[in-house]
Amino acid sequence: MEKIQKVLMIRSVAIREMLAEALGMYILMVFGLSSVAQVVLGRQNFGQYLNINLGFGIGVTLGIHAAGGVSGAHLNAAITITHCILGNLPWIKLPAYVIGQFLGSFTAAATVFGIYYDALYDYSKGNFTVTGPTATASIFSTYPAPYMSLPGSFFTEFLATVMLHLGILIIHDEKNNRALRGTEALLTGILVLGIGMGMGMNTGYAINPSRDLPPRIFTAIAGWGTDVFTAGQHWWWVPITAPILGSLTGVFIHKIFIDFHNLPVMGSGNEKGQTAVEVSTL
């Protein structure tokens, strides 16, 4: 095994971080998308909406454990961009992180499509649609509810992502009442569970460009066509922009209300370079 390890070991830090983000995102999305598929295609005989919330929560927890020690487990392009803007991550690393996230998410969508292909065909009679009584595109990407306006949908995604990043910062805040070490991944999964349970009805709580865009591209290729980009008043751009703005706003709120007023705990190892990996989860 040592010889094989020497041959296969990747020494490039950027590639290792990209692969870690890809695997973490793949795990997150396989759990999440497969739970949606089972609820939708099983006509709610094999689960309810709560199953979807739990599926994504479990996926987040395991994805963070998989990637956290290598890349920090951003698993979210909005989080990665926020860290770059704040100076916690060099901009030169942005492409590797986002490519890894998109690769993992796209591959997960293809995996779930393969697992549930027969069920998809039976449910839709081979007619893959974005809207209508047998629509299945929402298994893979988010779409606003029919009653939602575009501004209302944007605000929902924005606020949900504010709560996401605010919650992450609270969990990891070394200068405050941070979570017990080793529980961060679980608590972040519970955080995503709570967001889904409380703010998921309007838009499906994308809260993550890397969760929404790659599967949307996959569905466009796999048979749903360009309707995936025009449905919901051309909704597709909202899960990209709203989470980025929400993530930045979450950081701003945390700094204004908490961080700027707290003194660092002496000996906590709260130097910027030491905590970059830990604070970057999801």
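Higher on the page you've got the structure.
Summarised in this report is the structure supplied together with it. (Residues numbered from 1 in each chain as written. Predicted model: local features only at pLDDT ≥ 70, side-chain atom pairs only at ≥ 80, totals over all residues. Heavy atoms only, no water.)

Points about the pattern of salt bridges
Here comes step 1: Inspection of the entire model under this criterion finds seven salt bridges.
Here comes step 2: Arginine 181 is paired through a salt bridge with glutamate 174; the nearest N and O atoms lie 2.8 Å apart.
Here comes step 3: Classification of glutamate 174 as buried rests on a relative accessible area of 10%.
Here comes step 4: Residues participating in the shared-partner salt-bridge network are Glu174, Arg178, Arg181 and Glu184. (Salt bridge = Lys/Arg side-chain N within 4 Å of Asp/Glu carboxyl O. Buried < 20%, exposed > 50% of the residue type's maximum accessible area, 1.4 Å probe, protein only.)

Here we look at the side chain of threonine 136
Here comes step 1: By secondary structure assignment, the location of threonine 136 is in the loop between helix 6 (117-124) and helix 7 (150-172).
Here comes step 2: Looking at threonine 136, the relative accessible area reads 0%, which means it is buried.
Here comes step 3: Sequence-distant contacts of threonine 136, that is, excluding residues within four places in its chain, are made with Leu41, Leu120, Tyr123, Phe128, Thr129 and Trp224. (Helix = DSSP H or I, 4+ residues; strand = E, 2+ residues; numbered from the N terminus. Contact = heavy atoms within 4.5 Å.)

A closer look at helix 4 (residues 77-86)
Here comes step 1: Of all 10 residues making up helix 4, eight are buried, and the element is well covered by its neighbours.
Here comes step 2: Considered for burial, the residues of helix 4 that qualify are Ala77, Ala78, Ile79, Thr80, Ile81, Thr82, His83 and Cys84.
Here comes step 3: Taken from the residues just after helix 4, glycine 87 is the one with a positive phi, measuring 85°.

What to know about the packing of helix 7 against helix 8 (residues 184-199)
Here comes step 1: Interhelical geometry of helix 7 versus helix 8 gives an angle of 155° and a closest axis separation of 10 Å. By the criterion of interaxial angle, the relationship of helix 7 to helix 8 is roughly antiparallel. You can see that helix 7 and helix 8 cross each other, and the crossing is right-handed. Facing Thr156, Ala160, Met163, Leu164, Gly167, Ile168, Ile171 and His172 of helix 7, the residues of helix 8 in contact are Glu184, Leu187, Thr188, Leu191, Val192, Ile195 and Met199.
Here comes step 2: Residue composition of the contact of helix 7 with helix 8, grouped by class: 10 nonpolar, four polar and one charged. (Axes fitted to C-alpha atoms, helices over the stretch in contact; angles between N-to-C directions. Parallel < 35°, antiparallel > 145°, perpendicular 65-115°, else oblique. Left-handed = near helix turned anticlockwise from the far one by under 90°. Nonpolar A, V, L, I, M, F, W, Y, C, P; charged D, E, K, R; others polar.)

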